[in-house]
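Now for the letters of each chain:
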Amino acid sequence: MNKAHNAEAQKILNIYRFYQKDGNLYLTADDETLDAIFEAVVDAINDCGPLKATLPYNEFVHPSKMTAEGDPGWVGHFEERDNRRFFLSDIHDYLYLLYGRQ
């Protein structure tokens, strides 16, 4: 694996670890924690470099970009917290499967 990709993936996975939600987000996150993780992950996806080009665009990159830009459709979509949970669960699982625990 490319070291830059791995470092960026670990940065995103560390957001979940910081909140002690590594692998159990969907079942246990309160709304405040969920919102904080969501904002941090969206920002991290938007700010990442080489990793961004390898992430599934329609599933992770585009929604993150449009949410950060305030697109009403995406903002409205993610106002539903279950949509945030599914998005966060998907990106966590994707990165964990490809880059694993360090």
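Just above, that's the structure.
Residues numbered from 1 in each chain as written. Predicted model: local features only at pLDDT ≥ 70, side-chain atom pairs only at ≥ 80, totals over all residues. Heavy atoms only, no water.

Participant: An account of the side chain of Arg84 is requested, with residue identities and associated values reported.
Facilitator: Structurally, the position occupied by Arg84 is in helix α6 (residues 81-99). The class of Arg84 is buried, set by a relative accessible area of 12%. (Helix = DSSP H or I, 4+ residues; strand = E, 2+ residues; numbered from the N terminus. Buried < 20%, exposed > 50% of the residue type's maximum accessible area, 1.4 Å probe, protein only.)

Participant: Residue-level account of the packing of helix α3 (residues 31-47) against helix α4 (residues 57-68), with values.
Facilitator: Viewed as axis vectors pointing N to C, α3 and α4 meet at an angle of 110°, and their least axial separation amounts to 9 Å. One finds that α3 runs roughly perpendicular with respect to α4. Residues Phe38, Val42, Ile45 and Asn46 of α3 touch α4, and the partners they reach there are Phe60, Val61, Ser64, Lys65, Thr67 and Ala68. (Axes fitted to C-alpha atoms, helices over the stretch in contact; angles between N-to-C directions. Parallel < 35°, antiparallel > 145°, perpendicular 65-115°, else oblique. Contact = heavy atoms within 4.5 Å.)

Participant: Please give an account of the nonpolar core that cites residues and values.
Facilitator: Grouped together as the largest cluster of nonpolar side chains are 24 residues, with contacts concentrated most on Val41, Phe87, Leu88 and Leu95. Secondary structure elements with two or more residues in this core: α1 (3-18), α3, α4 and α6. Among the elements that line this core, the one with the most residues is α3, at 7 residues. (Core = buried A, V, L, I, M, F, W, Y, C linked by side-chain atoms within 4.5 Å.)

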